[in-house]
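# Structural description and commentary
This is what each chain is made of:
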Amino acid sequence: DEKTVKLQVSGDMKRCYDFLEMTSRSFAAVIQELNPKLRDAICLFYLILRGLDTIEDDMTIPGAKKRDLLERFHEVIYEDGWSFKESGPDEKDALLLVEFAVVISEFKRLPVEFQDIIADITRRMGSGMAKYTRARVETMEDYNEYCHYVAGLVGHGLSRLFAESGLEDKSVGENLDLANSMGLFLQKTNITRDINEDVLDGRCFWPSAIWSKYADSEDTLIARSNRERGIEGLNEMCTNALSHIPDVMEYLSSIHEPSVFKFCAIPQSMAIATIALCYNNGRVLDDNVKIRKGEALKLIAASTNLDSVKCIFYRYLDEIERKNEPSNPMYEQVRKIVDKAKKDI
Ligand code: PS7
Ligand code: MN
Ligand code: MN
Ligand code: MN
Ligand code: MN
Ligand code: MN
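Description of the structure in this document. Remember, predicted model here, so these are calculated numbers, not experimental data. (Residues numbered from 1 in each chain as written. Chains lettered and ligands numbered in written order. Predicted model: local features only at pLDDT ≥ 70, side-chain atom pairs only at ≥ 80, totals over all residues. Heavy atoms only, no water.)

### A short note on the layout of surface pockets
Rolled over the atoms, a probe with the dimensions of a water molecule shows which regions are left empty. Taken as a whole, the second largest pocket holds about 370 Å³ of empty space. Lining the second largest pocket are 18 residues; nearest its centre among them are Met59, Tyr132, Thr133, Ala135 and Arg203. Secondary-structure elements contributing two or more residues to the lining of the second largest pocket are helix H3 (36-57), helix H4 (63-76) and helix H7 (112-134). Tallying contributions element by element places H7 first for the lining of the second largest pocket, with 4 residues. Here the residues of the lining of the second largest pocket sort into 9 nonpolar, 3 polar and 6 charged. (1 Å grid on protein atoms, 1.4 Å probe; cavity = no way out; pocket = protein on both sides within 12 Å on 5 of 7 lines; lining within 4 Å. Points joined across faces, edges and corners; volume = space filled by probe spheres on them. Helix = DSSP H or I, 4+ residues; strand = E, 2+ residues; numbered from the N terminus. Nonpolar A, V, L, I, M, F, W, Y, C, P; charged D, E, K, R; others polar.)

Written out as structure tokens, the structure is:
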């Protein structure tokens with residue numbers, strides 16, 4: 001009867017929130033705090049892209065099969081009962097794809113305007129990921145393009161959802177270059193920090209245009225014997241990420257609804273703290289560095305409005321300036337970027 005149907009419905013969405021907590025340490029909390037007009041849609045958007053990324057990351061799926069899955073994933077999200085049980089043993093989020101039917105059934109209950117935005121981004125991200133199963137990230141253009149596919153497009157989609165919900169101005173869903181930069185700042189921070197893990201997994205997202213100046217192979221890049229040059233490469237990666245800060249500040253100044261602001265700002269605060277930790281820090285090449293739990297909690301609590309976020313950025317830019325050394329090839333460039341960002345702030 002009707003009561004059972006209602007219970008089943010909320011049961012599927014409940015299972016989706018379980019998956020959110022299982023698959024994301026950082027996003028689960030901010031998504032659950034979102035305004036109810038957006039909460040379920042963004043939870044499902046996250047799970048759909050997490051599913052897509054689980055396929056992208058799985059090196060046990062043969063190339064042709066992987067490209068086919070990535071390219072038709074935007075259709076999969078409408079296929080009742082779809083399930084994928086063939087993930088490799090290392091995929092930590094494999095269970096999400098096994099039980100993907102719960103995501104599909106809830107996705108199809110969203111307002112169709114939300115469905116259209118999510119499906120459009122899934123289509124474009126899947127096709128970009130498929131392209132990069134063959135292509136390597138070589139030039140700076142490749143690097144910006146790959147980051148656009150896997151993160152800039154998330155910024156596009158989220159901004160369109162914010163505008164569609166009526167919680168933010170229509171213009172937020174139209175000026176998508178700033179939204180792209182929001183994603184690029186997060187993705188470049190992740191790629192910069194994860195270098196050791198990624199190279200050991202046989203993957204490298206640092207563009208060869210950068211690392212080839214400091215090492216003759218990806219393995220040499222993280223090798224102890226090449227540490228000084230490796231750190232110079234790391235500093236160039238950090239410097240490149242910092243170039244997105246003006247756009248990040250401009251984007252955040254356009255966001256007004258409090259829960260949407262926190263959702264946008266918290267990951268950016270974590271990212272600037274992570275760049276400050278990674279800058280000139282050889283440990284990044286040895287293993288996975290992370291900001292301390294206590295520091296993360298403080299950032300979450302403080303990222304409530306534009307003024308406090310500006311304060312947070314100012315503080316970490318200061319720290320980067322203190323870690324900057326004249327012997328570093330990036331010295332002048334970092335000084336310029338930091339001085340300009342601090343002036344704007
Ligand atoms: C829909 C919230 C707020 C305008 C799964 C949030 C993986 C950095 O793989 O899990 O573990 O190294 O640490 C998120 C812009 C995307 C970009 C991208 C969807 C911000 C699939 C996040 C997240 C735009 C591809 C997570 C981009 O890192 O990576 C929703 C505004 C997913 C955002 C991936 C990375 C996200 C990422 P891993 P993480
Ligand atoms: Mn992660
Ligand atoms: Mn991936
Ligand atoms: Mn991944
Ligand atoms: Mn990563
Ligand atoms: Mn990771």
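### Some details on the pattern of salt bridges
Overall, the coordinates contain 24 salt bridges when judged by the stated rule. With a shortest N-O distance of 3.1 Å, Lys14 and Asp18 are connected by a salt bridge. In this pair, Lys14 and Asp18 both sit in helix H1 (residues 2-23), 4 residues apart, roughly one turn of the helix. Glu236 is the partner of Lys213 in a salt bridge, and the nearest nitrogen-oxygen pair spans 2.9 Å. With Lys213 in the loop between helix H11 (208-211) and helix H12 (218-222) and Glu236 in helix H13 (residues 227-242), this pair connects stretches of sequence that are 23 residues apart. (Salt bridge = Lys/Arg side-chain N within 4 Å of Asp/Glu carboxyl O.)

### Notes on helix H18 (residues 306-323)
In this model, H18 (18 residues) spans 26 Å end to end at C-alpha, consistent with the 26 Å of a helix rising 1.5 Å per residue. Turning to H18, its buried residues are Ser308, Val309, Ile312, Phe313, Tyr316, Leu317 and Ile320. For H18, the secondary structure elements touched by its buried residues are helix H9 (176-193), H13, helix H14 (245-252), helix H15 (258-278), helix H17 (293-302) and helix H19 (331-344). Two to three positions downstream of the cap, the backbone nitrogen of Asp307 sits 3.1 Å from a side-chain oxygen, assigning the N-cap of H18 to Asn305. (Expected span 1.5 Å × (residues − 1). Buried < 20%, exposed > 50% of the residue type's maximum accessible area, 1.4 Å probe, protein only. Contact = heavy atoms within 4.5 Å. Polar contact = N/O pair within 3.5 Å; in protein donor to acceptor, adjacent residues only side chain to side chain.)

### Focus: the nonpolar core
Of all hydrophobic cores here, the largest spans 120 residues; its most connected members are Phe73, Phe100, Phe162, Trp206, Tyr251 and Ile272. The element contributing the most residues to this core is H15, with 14 residues. Ignoring sequence-local partners within four residues, the contact set of Ile272 consists of Phe185, Leu242, Ile245, Ile312, Phe313, Tyr316, Leu317 and Ile320. (Core = buried A, V, L, I, M, F, W, Y, C linked by side-chain atoms within 4.5 Å.)

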